[in-house]
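Letter by letter, the chains look like this.
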Amino acid sequence: MMAGDPVLSLRVSDIKDPTALFERYSTEEIRRIERKVRGEIEQKKEELRQMVGERYRDLIDAADTIGEMRQRSESVVESIQDMQQYCHTLKQGRNGVGGTRQENQNQRQWQEKFYTMASQIKLLLEIPERIWSAMEASQYLQATQLYLLCCHLHSQLQLEAAAGGLYSPVLARFPILVRQVATTGHFRSTILLDSRSLLRGRAVSDQAIAEALVSTMLLEDSSPRQALADFLLARKASIHQLLNQPQHGAGIKAQVCSLVELLVTTLFQAYAVFYMPPEGVPRPGEGVLSCGMLFSTLENVTSSTATGKGRKVLQEEWSTGSWFRHLPPSISEFQPTLRTLAQPIQTEQLRDTLQQWINTCKQDICHGVGTLLVYVKSLKGLGAIRDAVWDLLSTDSISQHWGYVCQQLLGRPLAVWEDFLQQLFLQRLQTITKEETEAIAAISVQLLTSAVRDMEDQTIQSSSGSNPASSRVAQYEVDVASFLWSESPADLPSDAAWVNVAQRGQQQQQQQQRSGLAMKTQALTPCVQNFCSSLDAKLKARLDDLQHYLPSEDTGSRPISATASSSGPSDSSSSFHRYTDAPAVEEALREGCVTCVRHILSSIRSQLDSAPTCLSAVLFMARLCQSVGELCPSLKHCILGRQSTGDAAAKGTPRQGKKLGKSKAAAEVSPEQAKWAGLKEELLGCSMEAYRIWSSALAKGLVATFGAALLAEPAGAVLMTATSWEDLEIQEESESGNSVTSKIRLPVQPSWFVQSLLFQLCVEVNRVGGHALPRPTLQELLQACLVQALHHYDMLTEQTRDREGVLPITQNRALQLLFDLRYLNTTLSGRLEEGKTSRSQQDPRFHKICDWLESFIDPFDLDVFTPPLNANLNRLSQRTSVLLGLLTGSEKQFAPRSSTVNSQEPYNILPLASSQIRFGLLPLSMSNARKSKSSSRGSEVSPNLRF
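Keep in mind it's a predicted model, so treat the numbers as computed, not measured. (Residues numbered from 1 in each chain as written. Predicted model: local features only at pLDDT ≥ 70, side-chain atom pairs only at ≥ 80, totals over all residues. Heavy atoms only, no water.)

Colleague: I'm lost on the overall build of the chain in this one. Help?
Modeller: A tally of regular secondary structure across the chain gives 42 helices and two strands. Residue burial in the chain is summarised as follows: out of 947 residues, 40% are buried. Pairs at least 24 apart in sequence give 78% of the contacts found in the chain among residues at least 6 apart. Total accessible area on the chain stands at roughly 53000 Å², and carbon and sulfur atoms take up 54% of it. (Helix = DSSP H or I, 4+ residues; strand = E, 2+ residues; numbered from the N terminus. Buried < 20%, exposed > 50% of the residue type's maximum accessible area, 1.4 Å probe, protein only. Contact = heavy atoms within 4.5 Å. Areas by Shrake-Rupley, 256 points an atom, 1.4 Å probe, with all protein chains shown as cover.)

Colleague: Is there a simple way to explain the pairing of strand β1 (residues 725–733) in this structure?
Modeller: In summary, the side chains of a regular strand alternate between the two faces of the sheet. With nine bridges connecting them, β1 and strand β2 (residues 739–747) associate as antiparallel partners. For Gln 731, the partnering residue across the bridge sits in β2 and is Thr 741. Count of turn residues in the β1/β2 antiparallel hairpin: five residues, of which Gly 737 carries a positive phi of about 95 degrees. (Pairing = 2+ DSSP bridges.)

Colleague: Mind showing me how you'd approach helix α9 (residues 206–220) here?
Modeller: Each α-helix turn comprises 3.6 residues. Residues three or four places apart therefore point the same way. Taking 1.5 Å per residue, 15 residues should reach 21 Å; α9 reaches 21 Å between its end C-alpha atoms and fits that length. Summarising burial for α9: twelve of the 15 residues are buried, a large majority. In the segment just after α9, Asp 221 is the residue with positive phi, at about 55 degrees. (Expected span 1.5 Å × (residues − 1).)

Colleague: When you look at the packing of aromatic side chains in this model, what are you seeing that I'm missing?
Modeller: Two aromatic rings, taken as a pair, are described by how far apart their centres are and by the angle between their planes. Going through the model one piece at a time under the given rule, you end up with nine aromatic pairs. Both rings, one in Trp 132 and one in Phe 187, keep their centres 5.0 Å apart while their planes meet at 65 degrees; by these two values the pair is edge-to-face. Of the two residues, Trp 132 is situated in helix α4 (residues 100–136) and Phe 187 in helix α8 (residues 187–199); the sequence distance between them amounts to 55 residues. Accessibility expressed as a relative area gives 1% for Phe 187, which makes it buried. Here the aromatic residues Tyr 271, Tyr 275 and Tyr 404 are joined through ring pairs into a cluster of three or more. Of note, Arg 578 hangs over the ring of Trp 390, and the distance from its end group to the ring centre comes to 3.8 Å. (Phe/Tyr/Trp six-rings, centres within 6.5 Å; stacked < 30°, edge-to-face > 60°. Lys NZ or Arg CZ within 6 Å of the ring centre and 35° of its normal.)

Colleague: Can you help me understand the pattern of salt bridges in this one?
Modeller: A side chain with one charge can pair with a side chain of the opposite charge if their charged atoms come near. By the definition in use, this model includes 18 salt bridges. Asp 544 is the salt-bridge partner of Lys 540, the closest N and O atoms lying 3.0 Å from each other. One end of the pair, Lys 540, and the other, Asp 544, are both in helix α23 (residues 526–547), four residues apart, so they sit about a helical turn from each other. Ionic pairing is found between Arg 767 and Glu 764, a salt bridge with its closest N-O pair at 2.8 Å. A residue pair is termed a helical-turn pair when its members lie 3 or 4 positions apart in one helix, as Arg 767 and Glu 764 do in helix α35 (residues 752–767) at three residues. Each of Glu 587, Arg 590, Glu 591, Glu 672 and Lys 675 takes part in one network of salt bridges that share partners. (Salt bridge = Lys/Arg side-chain N within 4 Å of Asp/Glu carboxyl O.)

Colleague: Sorry, what's going on with the environment of Pro 246 here?
Modeller: Among the secondary structure elements, Pro 246 is positioned in the loop between α10 (224–243) and α11 (251–274). Once the C-alpha coordinates of Pro 246 and Leu 372 are considered, the two residues, 126 residues apart in sequence, prove to be 9.6 Å apart.

Colleague: Looking at this structure, I do not really get the nonpolar core. What am I missing?
Modeller: Side chains that are nonpolar tend, in soluble globular proteins, to be buried together. If you look at the biggest cluster of nonpolar residues, it comprises 211 residues, and the most contacted ones within it are Phe 274, Leu 409, Leu 421, Phe 620, Phe 706 and Leu 761. The next biggest cluster of nonpolar side chains, apart from the first, holds six residues, and it includes Val 480, Phe 483, Ala 523 and Ala 772. (Core = buried A, V, L, I, M, F, W, Y, C linked by side-chain atoms within 4.5 Å.)

Colleague: Honestly, unusual backbone geometry in this entry has me stumped. Any pointers?
Modeller: In most cases, non-glycine residues show a negative phi, while peptide bonds are predominantly trans. Within the chain, Ser 138 stands out as a residue other than glycine whose phi angle is a positive 60 degrees. Mapped onto the elements of the fold, Ser 138 is located in the loop between α4 and α5 (140–163). In this structure, Asp 221 takes a positive phi of about 55 degrees despite not being glycine. Within the secondary structure, Asp 221 sits in the loop between α9 and α10. Its relative accessible area of 26% is what places Asp 221 among the partly exposed residues.

Colleague: What am I meant to see in the packing of α11 against helix α17 (residues 402–410) here?
Modeller: Relative orientation and spacing of two packed helices are given, respectively, by the angle between their axes and the distance between those axes. Where α11 contacts α17, the two axes come as close as 10 Å, and the packing angle between them is 60 degrees. Classified by chirality, the crossing of α17 by α11 is left-handed. Contact residues: Val 264, Leu 267, Phe 268, Ala 270 and Tyr 271 in α11; Trp 402, Tyr 404, Val 405, Gln 408 and Leu 409 in α17. Split into classes, the residues belonging to the contact of α11 with α17 amount to nine nonpolar, one polar and no charged. (Axes fitted to C-alpha atoms, helices over the stretch in contact; angles between N-to-C directions. Left-handed = near helix turned anticlockwise from the far one by under 90°. Nonpolar A, V, L, I, M, F, W, Y, C, P; charged D, E, K, R; others polar.)

Colleague: Is there a simple way to explain the packing of α11 against helix α15 (residues 379–393) in this structure?
Modeller: Relative to each other, α11 and α15 sit at 30 degrees, their axes nearing to 9 Å. With respect to α15, the element α11 is oriented roughly parallel. Helix-helix and strand crossings are classified by hand; for α11 and α15 the assignment is right-handed. Only Ala 384, Ile 385, Ala 388, Val 389, Leu 392 and Leu 393 of α15 make contact with α11, whose side of the interface consists of Ile 252, Lys 253, Val 256, Cys 257, Val 260, Glu 261 and Val 264. Considering only residue class, the contact of α11 with α15 consists of eleven nonpolar, no polar and two charged. (Parallel < 35°, antiparallel > 145°, perpendicular 65-115°, else oblique.)

Here's what the structure looks like:
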């Protein structure tokens, strides 16, 4: 239906007569035809608008081109008309004979001027390309000369045009001349910008620097002092640019080296470019440092003398063209000139300017390098940067002439490392060392706190009976005896079967390793070993890191001054010695380690001051303070420095060390050794304080049970603590002179609570590794037990006096109590000091209580009982010496209270070792002579204890 619609098939181009439409179509179809025609009209309008918009610029360009073509056509027509007029004039002039020669001469002059102008135009057209070529080759002085020649050409053309009005129409017909000069106007700023940019480079030759400065002087008509200021400002800007570069780890070393190289190169180039020797002083010859290049270059460029030294702007390659001979002399012999005479810079002015620049740059470099060094996190990195700077300053090109150049420019030597960088590196090194040692201290305190917490938990679990998931390490701390009697693969070294003891001792000293059995002999538990190994590993890492900043081992044993003077030709010719601050570096590590150890000691003291309830934690801290100096050899190396290596090498074998005089060693104590000795004293003091807390708490707990049994009031409790007595037959002389045999009963064993006290004390001492306890600690423990036991006996005396109804003390009970008291005093009392008797050393309360107990015994019986009672006491002490182990020693002396034992019975006794042992020797029957010999030998051998 739509396809058959006559309206849709009708074309607008077919509509020619509107009247025919009304004849052929109805009104509705006419309206549809109208809408169709209007739609096509709007579509054509839109297409027209788009076409006009797209072609508008082309229409404008075409209109401009048409206008220019019109002007050119008119100009060509006018030129043809002028040529016709000129030809007509020539035809008319040919008819005249008299003016022919004059006209020919005028024509030649006009032609010569025309060629002159044409050659200048030719040169002016070629100069921009030459300037660009010179700038691309970084020949800024040649570009400046060409630019000044271009300006001179423009001036010449302008002046000739103004003087001769005849040629002004020609210039008007060649507008390219004006446009060419206008296009070369931006060369001045470009040449100045590139020349100043060249001054910032540190890898630029002295001649290029001089030519760039001469270019600036010629373009700005400035003086040499202004050129010096421009040069120093450019170098300062280059320093700022280097300092503001982003940091990328290893790039810091390159930045610092670039800064040093730029600073050194600046002074060398200042000498080469600006320095002029004073009058009367000959200039350096060839092969030595050159100087005054700015003034020699300026003289070569601006000189117009006939000596031939002048540097012409137009090179020889320009003269190959046929047009070159038409250039006027003012162009072909052109030389740039300065308005003012370039006077050399005086030495004082040069010195003051350079010194001011150095002071300004020093502040910037110190601040910038200090900021850069913040990103260096290790002493190895600092040492690498320091060594790179040293390598740079030790090169022949710098070290040979540096002192001479500084003396001529500044009047004094300039030490780049000492004046600019050394203090910055030392401060950063101290900061790194302080941060690392503080981190070590913090980690060690955390490890200590964690270990103490584990021990407290282990103690709580052990007391409650639930210990399923306890750590074996923490269990060993609570029960050291289980650690001592446990077997481990590390107890003996792997080469124990074929390496003798002497060689193994040397190897362990070199390798700083100890076997597990050696650790057990000193009761050093795994927790103590782990703490010390962790601390030693961290300090060893610090020490290894420090070695990168110190001289090597072959030069480390010598003094710094000797090292500096004998370290080879390269060191002596360098501008600084790398290891002058080695003492300060070692002191920084020494102070950091001392502070670290003192921080750990402070944490330990705070733990001890908080009244700890876990005695195993107290013993752990005591053993830790006691052994940290021995198990952490790196701590000793950090504090003694390289002196520790020298001392170890000087000691040699033990036999050689014993031959050294003690007085000489005591007189030569260095400050480092004094500091190490002071730190060991602090560790020992803290260890003894912890041992004192443990001994007092242990004594208090044990004697409390003893006191409860001693002060028990019921008769049954008294009988329960009684032990066996011995029946003895004695012969006495009666009044009539007859011998009378009587039978007496005396105690031979102490009460059960006394035996329990000593047994529990022995068990507790052995459980914590008593063989490794310091002798003063053990003596303090025994003395504390004795003092508290005497206190309970004193309370017994007060109890019987003040209270009524208390079970009275019979003679037998008094004998047992007296025997107990004297046995306790004999066992727990310390060794007799030289020059003191046993009675003067004993506690006065002991004699007071003994007298009180003897008051309950019949005096006649007491005289009879005393000798056998003393014999029983002496025999009991000797027999129980093995059972009590560490509580007794060969120094015990068993003296009777009032009389001497006359018994001839050879008791079965033990020879006791002079040092503390876990178990005594086997029982042997000894004669009195052998006893005295054994005791004399034992007194000669001093105990070898480790505190």
